[in-house]
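Chain by chain, the residues:
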Amino acid sequence: MAEVIGVRFKEVGKVYYFDPLNLKLSKGDSVIVETARGLECGEVAMENKTIDDEELNHPLKPLIRKATEGDLRRVEENRKKEQDARKICEQKIAAHKLEMKLVNVEYTFDNSKIIFYFTADGRVDFRALVKDLASVFRTRIELRQIGVRDEAKMLGGLGICGRPFCCGSFMGEFMPVSIKMAKEQGLSLSPVKISGTCGRLMCCLKYEQEAYTDLLRHTPKVGAIVNTPDGKGLVVENNLIARTLKVKLDSAPDDVAPKTFTVRQCKLIKDGFIKLDKKDLEKAKGLE
């Protein structure tokens, strides 16, 4: 067993474990810790807690100290420096005529490194840019290419639901989402309807997926053959939430509309399966 605290370095970011060295800390306290990037100032997101050693992926790094007023002033100074560094970097990018978009700039707490986050359509040769920036700032420079999801998380904004982005308001880490989830939930595969502002699949597709997966286990799929009170037929549509099926009866003429039954009224003979055809994949290309 090990006593840990959870520290977050961004407002909505991943929580990392550190050894509190028997110091009792409260949620929201600012602390100085050592990370792979050097000394960093973070916020306690999880108070002292005892966890199993199996939950630790690597040896715990100890807490350096609780942040002082001087430490917090330095953090504020770094924020101001980041704004100046951003302007300079944008000018250098334009001077080097590089096809890249600067998204964010971060100074490490001890000023030992400046990290520039950018997006680009492909690979960018920024070696000359790094040398140029290093000559200006006289410190280590790191240029890190990020994806459109990370860009949306950093910049924030409002989703099509009218609420702030999930990734920018409460999601510490991105959850895996797929086209199959949209298909299983009976959603239109139109990119406009299932993609977020970042242009990728909406993270909220994941939220109800477990419920839909459970419903699908107990509901005949489209293409299933079932027995109904009116005879055998083919399921042409199912409503997972209402628990109803539209069945094309074998005994009914071709011009007669499918009949609606509840799931309880039907007995499964042979189940169907959910598949993504080429048209679906082409529609949703590039969203995952």
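Scroll up for the structure.
Residue indices follow the written sequence of each chain, beginning from 1 at its first position. Reporting in this predicted model follows two pLDDT cut-offs: at least 70 for local features of residues, and 80 or more for side-chain atom pairs to be given and counted; totals over whole chains, interfaces and linings ignore these cut-offs and use all residues. Hydrogens and water are ignored here; the side-chain numbers use all heavy atoms of the structure.

Q: Please give an account of the pattern of salt bridges that cites residues and values.
A: Basic side-chain nitrogens of Lys or Arg form a salt bridge, by our definition, when they fall within 4 Å of a carboxyl oxygen of Asp or Glu. A full pass over the atoms with the stated rule returns 17 salt bridges. Two residues, glutamate 3 and lysine 24, come together in a salt bridge whose shortest N-O distance is 3.2 Å. Taken as a pair, glutamate 3 in strand S1 (residues 2-8) and lysine 24 in the loop between strand S2 (15-18) and strand S3 (30-35) lie far apart in primary sequence, 21 residues in all. Its salt-bridge partner being arginine 79, residue glutamate 82 comes within 3.1 Å of it at the nearest N-O pair. Here glutamate 82 pairs with arginine 79, and both are found in helix H1 (residues 69-96), just three residues apart, close to one helical turn. For every residue, the accessible area obtained with a 1.4 Å probe (protein chains only) is divided by the maximum for its type, and the residue is called buried under 20%, exposed over 50%, and partly exposed between those limits. The exposure class assigned to glutamate 82 is buried, which follows from its relative accessible area of 12%. By relative accessible area, arginine 79 is classed as partly exposed at 40%. What emerges from the salt-bridge pattern is a single network uniting Lys10, Arg37, Glu40 and Glu106. By the criteria applied, helices consist of DSSP H or I runs no shorter than four residues and strands consist of E runs no shorter than two, each listed in order from the N terminus.

Q: How would you summarise the sheet that holds S1 if you had to cite specific residues and measurements?
A: Whether two strands pair comes down to DSSP finding at least two bridges between them. Spatial strand order, S2-S1-S4-S3-S5: five strands in an open sheet with antiparallel pairing. The sheet terminates laterally at S2 and strand S5 (63-66), the two strands that pair on one side only. Along the sheet, successive strands turn relative to each other by an average axial angle of 45°, direction set aside. Sheet topology note: the S3/S5 ladder contains three bridges and is antiparallel. Among the inter-strand pairings, valine 31 is bridged to a residue of S5, identified as lysine 66. Here the axes come from fitting lines to C-alpha atoms, over the contacting stretch only for helices, and the angles between their N-to-C directions go from 0 to 180 degrees.

Q: Give a description of the pairing of S2 that names residues and reports values.
A: In this structure, S1 lies alongside S2, joined through four bridges in antiparallel fashion. Bridged to isoleucine 5 within S2 is phenylalanine 18. Here S1 hands over to S2 after six residues, the two strands then running antiparallel side by side.

Q: Could you give an account of unusual backbone geometry, naming the residues involved and the relevant values?
A: With glycine set apart, most residues show a phi of negative sign, and most peptide bonds adopt trans. In this structure, lysine 97 takes a positive phi of about 55° despite not being glycine. Inspection of the secondary structure puts lysine 97 in the loop between H1 and strand S6 (101-107). Assessed through its relative accessible area of 72%, lysine 97 is described here as exposed. With a phi angle near 60°, arginine 243 is a residue other than glycine that sits in the positive phi range. Within the secondary structure layout, arginine 243 lies in the loop between strand S10 (231-239) and strand S11 (244-249). According to the relative accessible area criterion, arginine 243 is partly exposed, its value standing at 29%.

Q: Requested: an account of the environment of glutamate 282, with residues and values cited.
A: With respect to the helices and strands, glutamate 282 occurs in helix H8 (residues 278-283). Each C-alpha atom, one on glutamate 282 and one on methionine 202, is 18 Å from the other, the two residues being 80 residues apart in sequence.

Q: A description of the nonpolar core should follow, citing residues and the corresponding values.
A: For the purposes of this section, nonpolar cores are sets of buried Ala, Val, Leu, Ile, Met, Phe, Trp, Tyr and Cys residues that join through side-chain atoms within 4.5 Å. Ranked by size, the top nonpolar core spans 17 residues in total, and within it Met100, Phe116, Leu133, Phe137 and Leu143 carry the most contacts. Listed by contribution, the elements that provide at least two residues to this core are H1, S6, strand S7 (113-119), helix H2 (127-137) and strand S8 (140-145). Discounting residues that sit within four places of it in the chain, leucine 133 has contacts with Cys89, Lys92, Phe116, Arg138, Ile141 and Leu143. Residues Ile179, Met181, Leu189 and Leu205 belong to the second largest nonpolar core, which totals ten residues. Residue contacts are defined here by distance: any two heavy atoms, one from each residue, within 4.5 Å place the two residues in contact.

Q: Before we move on, can you summarise the environment of lysine 259 with the specific residues and values?
A: Relative to the elements of secondary structure, lysine 259 occurs in strand S12 (residues 259-262). Through-space distance from the C-alpha of lysine 259 to that of isoleucine 160 is 36 Å; in sequence the pair is 99 residues apart. In this view, lysine 259 contacts Asp230, Leu245, Lys246, Val247 and Leu249; residues no more than four positions away in its chain are not counted. Polar contacts here mean pairs of N or O atoms no more than 3.5 Å apart (in protein, one a potential hydrogen donor and the other a potential acceptor; neighbouring residues in sequence count only if both atoms are side-chain atoms). Of note is the side chain of lysine 259, whose polar atom sits 2.4 Å from the side chain of aspartate 230.

Q: I'd like a rundown of the pairing of S7, residues and numbers included.
A: Here S7 lies mainly inside the structure; seven of its seven residues are buried. Of the two faces of S7, the one carrying Lys113, Ile115, Tyr117 and Thr119 and the one carrying Ile114, Phe116 and Phe118 are both buried. Sheet analysis places S6 next to S7, joined by six bridges and oriented antiparallel. Of the residues in S7, the one forming a bridge with valine 105 is phenylalanine 116. Once S6 ends, the chain turns through five residues before running back antiparallel as S7, passing asparagine 111 with a positive phi of about 60°. Across six bridges, S7 lies against S8 in parallel orientation. What sits directly across from phenylalanine 118, in S8, is glutamine 145.

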